[in-house]
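# Remarks on the overall topology
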Number of protein chains: 2
Amino acid sequence: MKMSSKARYGLYVSVELARRYNNQEIVTVSSLAQATGVTEKYLEQIIALMKKAQIVVSSRGANGGYKLTDEPSNISVGRILRAVEDNLQIVDCIHKDCANGCNCVSRNLWTKLQININSYLDTISLQQLLEDNL
Amino acid sequence: MKMSSKARYGLYVSVELARRYNNQEIVTVSSLAQATGVTEKYLEQIIALMKKAQIVVSSRGANGGYKLTDEPSNISVGRILRAVEDNLQIVDCIHKDCANGCNCVSRNLWTKLQININSYLDTISLQQLLEDNL
DNA sequence: ATTAATTCCTACTAATTTGCTAGGATTAGT
DNA sequence: ACTAATCCTAGCAAATTAGTAGGAATTAAT
């Protein structure tokens, strides 16, 4: 039960964008790659997931790049992680059918644990993460 | 961030042992395999982890098998999962050195999330899981 | 003693997932 | 036109997971 590198890098990227959020600065993938030490090509894929979840907005072409769609204090860490980490689900059977017909004793446990994790992550904003004020 | 099959099967096994805990019944792997639908050979490996964590005790030879070391109400789900799921750690860098010298902004987040997950799982006993009383 | 039933140990393998590389199409500013 | 950027998607290598397999060790029953 590990967080993927996408989750880790997604947070790096978000923090970096949060730092530069003032004055509508538009940030390129290449500068994010420099700041985080991850390759551009890989970051492109990660930030694409964030765009799909409307956490960032992009502008294409020369002078293009990305910026957050909202203030760092209005974006939760849970939202970011769910965007890049395939919904952050600890077991598939919460939303899909499982071999046991979805009524095994564990199901309820997984569901509650999932709720627990999500609610915790939703209470923490990107701003708080940036200030390390958790 | 998924639970492994070992985590899922480990809980099945535990619930089955909890059901048969009354009167010191000793349960064989083969009957656990029948009850859970998992192969004997794979369950052997999983239950070995539980033995190592002193959740079950074994008796060898003919008429041998396994039983819980304590009442189901005294064994937490967290303890079981940590035994079979390699400490249930969401990121390595909480306990190991990471490339960023262990002081990245996310580190504190992971630590707190980890504590959150463990404390939740530790509040739930095998007895509660069995009764689906979470 | 022999046999049968069981745990215990450990090596191997197949399938899946993850992490990343790569190439090029598309878009927009100068 | 040229350049700097996002966008799209295919592929691949490494790691991990999930499971198979064989047989040694142990013990109860006959």
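The structure presented is a predicted model; accordingly, all values stated were derived computationally and were not measured.

This paragraph deals with the interface of chain B and chain A. Tallying the contact residues gives 34 residues for chain B and 34 residues for chain A. Of the roughly 3,300 Å² buried between chain B and chain A on both sides combined, carbon and sulfur atoms contribute 65%. Three residues stand out in chain B for area buried against chain A, namely Met1, Val105 and Leu109 of chain B, and they jointly supply 23% of the buried area on that side. For the pair chain B and chain A, the number of links is two salt bridges. Among the ionic pairs, aspartate 92 of chain A bridges to lysine 2 of chain B, the shortest N-O distance being 3.5 Å.

So, on to the protein's contact with DNA strand D. In the region of DNA strand D, 25 residues are neighbours, and Lys51, Ser58 and Tyr66 of chain A together with Lys41 and Gln45 of chain B sit closest. For DNA strand D, the backbone makes up 63% of the atoms found within 4 Å of the protein, where backbone means sugar plus phosphate. Contact distances for DNA strand D include 2.5 Å between a phosphate oxygen and a side-chain N or O atom of tyrosine 66 of chain A. Serine 5 of chain B places a main-chain nitrogen or oxygen 3.2 Å from a phosphate oxygen of DNA strand D. Sorting the residues of the surface near DNA strand D by element identifies helix H3 (40-52), strand S1 (56-59) and strand S2 (65-68) of chain A together with helix H1 (5-19) and helix H3 (40-52) of chain B as the ones contributing at least two each. Per element, the largest residue contribution to the surface near DNA strand D is four residues, and it comes from H3 of chain A. Residues belonging to the surface near DNA strand D are distributed by class as follows: six nonpolar, 13 polar and six charged.

As a further point, take the pairing of S2 of chain A. All names here are of chain A. The sheet contact formed by S1 and S2 spans four bridges and is antiparallel. If you follow valine 57 over to S2, its bridge partner there is lysine 67. The turn joining S1 and S2, which pair antiparallel and follow one another in sequence, is formed by five residues; a positive phi near 75° is taken by glycine 61.

Moving on, we come to the protein's contact with DNA strand C. Taken together, 25 residues lie around DNA strand C, and Lys41 and Gln45 of chain A together with Lys51, Ser58 and Tyr66 of chain B are the ones closest in. Within 4 Å of the protein, the contacting atoms of DNA strand C are drawn from sugar and phosphate to the extent of 59%. In the model, a base oxygen of DNA strand C is placed 3.1 Å from a nitrogen or oxygen of the arginine 60 of chain B side chain. Going through the elements one at a time, helix H1 (5-19) and H3 of chain A together with H3, strand S1 (56-59) and strand S2 (65-68) of chain B are the ones with two or more residues in the surface near DNA strand C. Sort the elements by how many residues they give to the surface near DNA strand C and H3 of chain B lands first, with four residues.

A word on the packing of aromatic side chains. Residues and elements named next belong to chain A. Tallying each qualifying case throughout the model produces four aromatic pairs over all chains. Relative to tyrosine 12, the ring of tyrosine 9 has its centre 6.1 Å away and its plane inclined at 35°; by these criteria the two rings are tilted. Here tyrosine 9 pairs with tyrosine 12, and both are found in helix H1, just three residues apart, close to one helical turn. One aromatic cluster is present, formed by Tyr9, Tyr12 and Tyr42 through successive ring pairs.

Before going further, it helps to spend a moment on the relation of the copies chain B and chain A. With an RMSD of 0.1 Å, chain B superimposes on chain A once it is rotated by 179° and translated 0.0 Å along the axis. Expressed as a symmetry operation, the mapping of one chain copy onto the other fits a two-fold axis. Considering only C-alpha atoms, the part of chain B nearest the rotation axis is methionine 1 of chain B, at 2.4 Å. The residues that chain B uses at the interface reappear at the interface of chain A in 100% of cases, marking a shared surface.

Cut-offs used in this document
- Residues numbered from 1 in each chain as written.
- Chains lettered and ligands numbered in written order.
- Predicted model: local features only at pLDDT ≥ 70, side-chain atom pairs only at ≥ 80, totals over all residues.
- Heavy atoms only, no water.
- Contact = heavy atoms within 4.5 Å.
- Buried area = accessible area lost by both parts, 1.4 Å probe.
- Salt bridge = Lys/Arg side-chain N within 4 Å of Asp/Glu carboxyl O.
- Near = heavy atom within 4 Å.
- Polar contact = N/O pair within 3.5 Å; in protein donor to acceptor, adjacent residues only side chain to side chain.
- Helix = DSSP H or I, 4+ residues; strand = E, 2+ residues; numbered from the N terminus.
- Nonpolar A, V, L, I, M, F, W, Y, C, P; charged D, E, K, R; others polar.
- Pairing = 2+ DSSP bridges.
- Phe/Tyr/Trp six-rings, centres within 6.5 Å; stacked < 30°, edge-to-face > 60°.
- Least-squares fit on C-alpha atoms with pLDDT ≥ 70 in both.

Interpretation note: all reported values are geometric properties and have no functional meaning in isolation.
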